[in-house]
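Structure at a glance
These are the residues of each chain, in order.
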Number of protein chains: 2
Amino acid sequence: MGRDDNDSSPQMGTALVHSMLEQRQDQAAGGRLVVNGGQPCRACPLADCEGLRQPPPDVRDWIAAFRHGDMRFARGEQVYAQATRPRFLYTVLSGVLMRSRLLEDGRRQIINFMFPGDFIGLQAALDAEMGHAVEAMTNVTLCTFVRERFFDLVAQQPRLSFDLTWLAAHEEAALEEHLVSLGQRNARERMAALAVFLVQRGIDTGIAPDGVLTLTVTQGQIAEMLGLSLVHTNRTLQALRRIGLVDWTLTSIRIPDIAAARAFAKIDGSVFSSRPYI
Amino acid sequence: MGRDDNDSSPQMGTALVHSMLEQRQDQAAGGRLVVNGGQPCRACPLADCEGLRQPPPDVRDWIAAFRHGDMRFARGEQVYAQATRPRFLYTVLSGVLMRSRLLEDGRRQIINFMFPGDFIGLQAALDAEMGHAVEAMTNVTLCTFVRERFFDLVAQQPRLSFDLTWLAAHEEAALEEHLVSLGQRNARERMAALAVFLVQRGIDTGIAPDGVLTLTVTQGQIAEMLGLSLVHTNRTLQALRRIGLVDWTLTSIRIPDIAAARAFAKIDGSVFSSRPYI
DNA sequence: CGCTTGGTTGAGGGACCTCAAAAGGCGTGG
DNA sequence: CCACGCCTTTTGAGGTCCCTCAACCAAGCG
């Protein structure tokens, strides 16, 4: 192993790692933050999302008072860096992000992706530094919460606290599935499993209405998610396309027969019921 | 890939997979459950554990009323099976357990290990079935809680709810680390990383006072954790032993120089502060 | 136009896998 | 006490999946 694809952008030499680690989210907080006045949550884009369970009005009002504001990031920008303690916790309002972890020698592992409704930053709700970085894969808007006030949420809104636990538990289940992929599945199974995962999440969150997820993912990023080399990722991708199982281009993921892809990747059909959000 | 070590016990043919999946925890609940009367938490073995942050007296009393009883499992027994909805949530009082996930074709991935103080079963606190099985690696005793009453805990004890979030977040961080291992590290790095992880947890929970963790792990189990074949696991293990980095036998793990092993496996020294428990 | 980003292809090598067999512990039973 | 079975470890040999190195192609953009 010891993979350094010097030609692909997400990878980099050891020299650049430090500068990446040093990049703080502080600079971003400057001009980016938009604090809404009035009743912001009335216009919450998540209120229209079918895959999400809507909070009752009183809870929504509470959230409206609890939240701090909005934040926007462009594709490729970093929400926060590894080994920092960001000031905020976030809920994804729109767009897709990814979480990744860097090794000292420049190797990078993409941990998971975040879709609308997902809660970001639980790890830092407590004392710890973040063990990962979060980066926008599309233009995104996030709903921000002040980290210091997190305990107020737990103390005052048991229902939300419960929902948070729900989200954390399901995030953990997703990581377990990825762990199974990396440990037990070969390249083609892995890629199929990832494609199914992404498309399914796209469907659930209403981003992929017709079963086709429009999302820009480079093959380098796929490689970093699957723990494969860039070259082999390319070949595996072509193989899946040739078989007709998954058609994954730079800008979209199309799965003609999801059930078939599921069977191929040996995914048990654990269908998630409607997710809560905060 | 497609690994079937028919000769090693943890692995099995597809025929046996179903019987394993069908094994319910119900049967276990029969004679095993021991409900303590009086003030059980006064004698809680976790109260002596240095690595754990102790709850204040009133909270401890609340837990004492909230808990349901104790349960014991012998090494090799299953606490609950995959795709079931166990009636209880658990806190590990003593012993070590592992969490694993089965694929339909018999491949198995060990997800993580649980040490004293760890909370088990959060995933099913809600609506979902468990996506994994939990099995005892030593004789263990668990503290049980009735799952239906979980919301009471969140509603009445924000501090405990917060602690639960803490535990969930750190469990997630551990899974992230394992993901990095499987995705980016080669066999030797993986094995060193796992050994360091286990020994560190052993030290933190007081099971490995002298830095040597006494724990029976077969090479087959190591293989299932690392996503390696049994044969290659054996050879890698010998290589690490020859180098003098990790001495991992069937019954114990010894790391002469933890810092060296950490550097070798490229683990950032994220030292956990004292864990809470419930 | 050159530069950058992302994709594609070929060739060779190495890490890891599978198949196969044997040996060392440890209990059980004759 | 030895024989026997069971589990776990060990070792050998051959194969393959995946990696690295190294080009080259295509599209977008100043």
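Residues numbered from 1 in each chain as written. Chains lettered and ligands numbered in written order. Predicted model: local features only at pLDDT ≥ 70, side-chain atom pairs only at ≥ 80, totals over all residues. Heavy atoms only, no water.

What about the overall build of chain A?
Along chain A, the regular secondary structure elements total nine helices and 11 strands. Burial status across chain A gives 60% buried among its 278 residues. Taking the contacts inside chain A whose residues are at least 6 apart along the sequence as the reference set, 76% of them involve residues at least 24 apart. A total accessible area of about 10800 Å² is found for chain A, and carbon and sulfur atoms account for 52% of it. (Helix = DSSP H or I, 4+ residues; strand = E, 2+ residues; numbered from the N terminus. Buried < 20%, exposed > 50% of the residue type's maximum accessible area, 1.4 Å probe, protein only. Contact = heavy atoms within 4.5 Å. Areas by Shrake-Rupley, 256 points an atom, 1.4 Å probe, with all protein chains shown as cover.)

Focus on the sheet that holds strand β8 (residues 140-146) of chain B
All names here are of chain B. Across the sheet, which stays open at both edges, the four strands sit in the order β1-β8-β3-β6 with antiparallel pairing between neighbours. In the strand order of this sheet, the two ends are held by β1 (69-73) and β6 (119-120), each with one partner. Pairing of strand β3 (residues 88-94) with β6, which is carried by two bridges, proceeds in the antiparallel orientation. The partner of Tyr90 across the bridge, within β6, is Ile120. (Pairing = 2+ DSSP bridges.)

A few points about the confidence of the model for chain A
Of the residues in chain A, 83% have a pLDDT of 70 or more, and the chain-wide mean is 85. Taken as a whole, residues 1-31 of chain A scores under 50 in pLDDT and shows 46 contacts with residues more than four places along the chain or in a different chain. (pLDDT = per-residue confidence, 0-100.)

Details of the relation of the copies chain A and chain B
The operation relating chain A to chain B is a screw motion whose rotation component is 180°, with 0.0 Å of axial translation and a residual RMSD of 0.1 Å. Here the copies are linked by what is in effect a two-fold axis. Here 100% of the interface residues in chain A have copies in chain B that are interface residues too; the copies meet face to matching face. (Least-squares fit on C-alpha atoms with pLDDT ≥ 70 in both.)

Some points on the pattern of salt bridges
Taken as a whole and assessed by the stated rule, the structure comprises 36 salt bridges over all chains. Linking Arg107 of chain B and Asp105 of chain B is a salt bridge whose minimum nitrogen-to-oxygen distance equals 2.8 Å. Since its relative accessible area comes to 2%, Arg107 of chain B is described here as buried. One salt bridge in this structure joins Asp163 of chain B and Arg159 of chain B, with 3.4 Å as the shortest N-O distance. Of this pair, Asp163 of chain B and Arg159 of chain B both sit in helix α5 (residues 158-184), four residues apart, which is roughly one turn of the helix. A relative accessible area of 4% places Asp163 of chain B in the buried class. For Arg159 of chain B, a relative accessible area of 36% translates into the label partly exposed. Salt bridges linked by common partners bring Arg99, Arg101 and Glu171 of chain A together with Glu172, Glu176, Glu177 and Arg185 of chain B together as one network. (Salt bridge = Lys/Arg side-chain N within 4 Å of Asp/Glu carboxyl O.)

So, helix α8 (residues 230-243) of chain A
Since the α-helix advances by 3.6 residues per turn, residues separated by three or four positions end up pointing in the same direction. Residues and elements named next belong to chain A. Along its 14 residues, α8 runs 20 Å from first to last C-alpha, staying within 8% of the 20 Å computed at 1.5 Å per residue. Listing the buried residues of α8 in full gives Thr233, Thr236, Leu237, Ala239 and Leu240. For α8, the arc enclosing every buried residue in end-on projection is 160°, short of the 170-degree limit, so these residues lie on one face. Of the exposed residues in α8, those oriented more than 90 degrees away from the buried face are Arg235 and Arg242. Residues of α8 that are buried in the fold lie against α6 (187-204), α7 (219-226), β10 (247-248) and α9 (258-265). Gly244 sits one or two positions beyond α8 and adopts a positive phi of about 85°. (Expected span 1.5 Å × (residues − 1). Arc of directions from axis to C-beta.)

Considerations on the side chain of Glu189 of chain B
Within the fold, Glu189 of chain B resides in helix α6 (residues 187-204). Using a relative accessible area of 7% as the deciding quantity, one classes Glu189 of chain B as buried. For Glu189 of chain B, the contacting residues outside a window of four places in its chain are Arg107 of chain A together with Gln184, Phe264, Ala265 and Lys266 of chain B.

Concerning the nonpolar core
Phe145 of chain A together with Ile63, Phe145 and Leu164 of chain B are the most contacted members of the largest nonpolar core, which has 54 residues in total. Top contributing element to this core by residue count: α5 of chain B, with seven residues. Once residues within four sequence positions are removed from consideration, Leu164 of chain B is found in contact with Phe119, Leu122, Phe150, Leu153 and Ile278 of chain B. (Core = buried A, V, L, I, M, F, W, Y, C linked by side-chain atoms within 4.5 Å.)

Observations concerning the sheet that holds strand β11 (residues 252-254) of chain A
All names here are of chain A. Within the open sheet, the three strands sit side by side as β9-β11-β10. Their pairing is antiparallel. Each edge of the sheet is formed by a strand with only one pairing partner; in this case those strands are β9 (212-214) and β10. Relative to β11, β9 runs antiparallel, the two sharing three bridges. Counted as the bridge partner of Leu213 is Ile253 from β11.

Quick notes on helix α7 (residues 219-226) of chain B
Residues and elements named next belong to chain B. Extensive coverage of α7 is indicated by the burial of seven of its eight residues. For α7, the complete set of buried residues consists of Gly220, Gln221, Ile222, Ala223, Glu224, Met225 and Leu226. In the segment just after α7, Gly227 is the residue with positive phi, at about 70°.

Topic: the interface of chain A and chain B
On the side of chain B, 55 residues touch chain A, which itself brings 55 residues to the contact. Where chain A abuts chain B, roughly 5000 Å² becomes buried across the two surfaces, and 59% of that area is made up of carbon and sulfur atoms. Taken together, the links from chain A to chain B amount to 10 salt bridges. The closest approach of N and O atoms between Glu177 of chain A and Arg101 of chain B, which form a salt bridge, is 2.4 Å. Joining chain A to chain B, the criterion identifies 17 residue pairs in polar contact (both at pLDDT 80 or more). Looking at the side of chain A that touches chain B, the elements with two or more residues in it are β4 (97-102), β5 (108-114), α4 (150-156), α5 (158-184) and α6 of chain A. Per element, the largest residue contribution to the side of chain A that touches chain B is 21 residues, and it comes from α5 of chain A. Residue composition of the side of chain A that touches chain B, by class: 22 nonpolar, 14 polar and 19 charged. (Buried area = accessible area lost by both parts, 1.4 Å probe. Polar contact = N/O pair within 3.5 Å; in protein donor to acceptor, adjacent residues only side chain to side chain. Nonpolar A, V, L, I, M, F, W, Y, C, P; charged D, E, K, R; others polar.)

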